[in-house]
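Per-entry structural report
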Amino acid sequence: MPLRHLLLALAVVAIWGSNFVVIKYALAVMPPMTLAVLRFALAFVPACFFLARPPVGWRNLAGYGLFVATGQFGLLYFAMRSEISPGLASLVIQTQVFFTLLLAVRVAGERVLASQWLGLAMAVAGIALIAAHTDGTTTPLGLGLVLAAALSWACGNLVGKRAGRVNMLAYVVWSSAFAVPPLLLLALLVDGPGRISAALASADAGTWAAVLWQTVANTLFGYGCWAWLLTRHPAARIVPLALLVPVFGMGASSLWLGEPLPAWKLGAAALVLGGLLINLFGARLLGRRAPATAG
């Protein structure tokens with residue numbers, strides 16, 4: 001891989017990881033559902049005027065938007081308001097990999113190798129370690145909400161897989177349109193019109209910059225560059241770099257927000273990330289390939 005491509009990939013995962021700190025900053029002013037509405041409304045407009053709708057059905061786009069945008073980020077933002085620290089949120093959300101694996105077994109009949117079960121067991125041990133150390137910065141409710149967000153992301157992964165090979169940036173942009181109405185309804189019910197009005201009135205330039213960062217940096221730049229890299233390099237060379245997202249997330253939260261990194265938290269990160277590594281490379285290390293479907 002050329003150095004400039006590697007640096008671009010690292011820039012994307014750094015943006016995705018450090019974004020958890022930016023989310024926390026925005027949530028200091030914006031209620032969670034309101035922030036989600038703004039993110040995906042701005043992701044759809046004006047990008048929809050420059051990106052053609054991908055050749056997939058409206059139902060598929062709606063499903064992806066509801067699972068990934070409404071479910072994943074609605075739950076994540078709600079949890080990050082006061083129930084979980086940004087660093088741990090960036091780690092726990094990666095369990096979407098294992099939820100995707102389990103759903104593929106259930107829905108598509110795919111087989112799972114022993115190495116993948118080992119990876120799952122390690123990740124579960126890491127989550128259990130986090131659950132055993134919940135405190136004022138991370139609560140059982142927050143942990144549960146982020147796990148639910150990861151499950152919703154996994155459901156979105158299966159919906160996206162059915163879309164086939166499409167322009168992923170356009171796919172994310174157009175699916176965002178289906179996230180806005182339910183998120184707006186949730187904002188009115190959960191945040192309330194009064195809090196929404198007060199937040200919009202009190203938002204300063206820094207808050208709006210954090211909102212735009214969600215859209216421009218994470219969605220348009222992040223997904224666009226990631227898709228561009230995947231068209232030029234084997235997925236096995238690009239996808240593992242996403243393991244650095246929680247590394248950047250926990251590092252940024254510690255550096256900018258002073259989130260402590262005690263031994264138990266580093267141990268939990270090692271277990272979850274180790275499980276992800278085994279899930280990605282276990283079959284290769286054993287000299288075996290996972291069957292695509294059950295025989």
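Residue positions within a chain follow its written sequence, with the count starting from 1. Given that the model is predicted, a residue must reach a pLDDT of at least 70 before its local features are reported, and side-chain atom pairs must reach 80 or more before they are shown or counted; all residues, however, enter totals for whole chains, interfaces and linings. Hydrogens and water molecules were not included; the side-chain quantities draw on all heavy atoms of the structure.

In the nomenclature of an unreviewed UniProt entry, the protein corresponds to EamA family transporter from the organism Roseateles hydrophilus.

Regarding the side chain of serine 175
What counts, and what does not: Numbering goes from the N terminus for both helices and strands, where a helix is a DSSP run of H or I of at least four residues and a strand is a run of E of at least two. For each residue, the accessible area found with a 1.4 Å probe, counting protein chains only, is set against the maximum for its type, and the residue is called buried under 20%, exposed over 50%, and partly exposed in between. Note on definitions: a residue-residue contact is assigned when non-hydrogen atoms from the two residues lie within 4.5 Å.
By secondary structure assignment, the location of serine 175 is in helix H8 (residues 168-176). According to the relative accessible area criterion, serine 175 is buried, its value standing at 3%. With residues near it in sequence (within four places) discarded, serine 175 still touches Leu61, Tyr64 and Gly65.

Considerations on the environment of phenylalanine 248
Mapped onto the fold, phenylalanine 248 is located in helix H13 (residues 244-257). Exposure remark for phenylalanine 248: the relative accessible area of 32% places this residue in the partly exposed category. For the pair phenylalanine 248 and proline 262, spaced 14 residues apart in sequence, the C-alpha to C-alpha distance is 17 Å. Once you skip the residues sitting within four places of it in the chain, phenylalanine 248 turns out to touch Leu10, Val13, Ala14, Gly17 and Ser18.

Remarks on unusual backbone geometry
Going from valine 45 to proline 46, the amide bond is cis rather than trans, its omega being 10°. With respect to the helices and strands, the residue proline 46 is situated in the loop between helix H2 (32-44) and helix H3 (58-82).

Notes on the nonpolar core
Filter applied, for reference: Think of a nonpolar core as a cluster: buried Ala, Val, Leu, Ile, Met, Phe, Trp, Tyr and Cys residues, connected wherever their side-chain atoms sit within 4.5 Å.
Counting 77 residues, the largest nonpolar core has Leu76, Met80, Leu91, Ile130 and Trp226 as the members making the most contacts within it. When sequence neighbours within four positions are dropped, the list of residues in contact with leucine 76 reads Phe20, Ala89, Val146 and Ala149.

Description of the packing of H2 against H8
Put simply, the rule is: Simply put, an axis is a line fit to the C-alpha atoms, just over the touching stretch for a helix, and the angle between two N-to-C directions goes from 0 to 180 degrees. Note on terminology: angles under 35 degrees are roughly parallel, angles over 145 are roughly antiparallel, angles of 65 to 115 are roughly perpendicular, and the others are oblique. Take the far helix as the reference: if the near one is turned anticlockwise from it by less than a right angle, the crossing is left-handed, and if turned clockwise, right-handed. Amino acids outside the nonpolar list (Ala, Val, Leu, Ile, Met, Phe, Trp, Tyr, Cys, Pro) and the charged list (Asp, Glu, Lys, Arg) are all regarded as polar, and Gly is one of them.
Contact geometry of H2 with H8 gives a least axis separation of 7 Å together with a crossing angle of 120°. Here H2 lies oblique to H8, going by the angle between them. Classified by chirality, the crossing of H8 by H2 is left-handed. Contact residues: Phe40, Ala43 and Phe44 in H2; Val173, Trp174 and Ser176 in H8. Here the residues of the contact of H2 with H8 are counted per class, giving five nonpolar, one polar and no charged.

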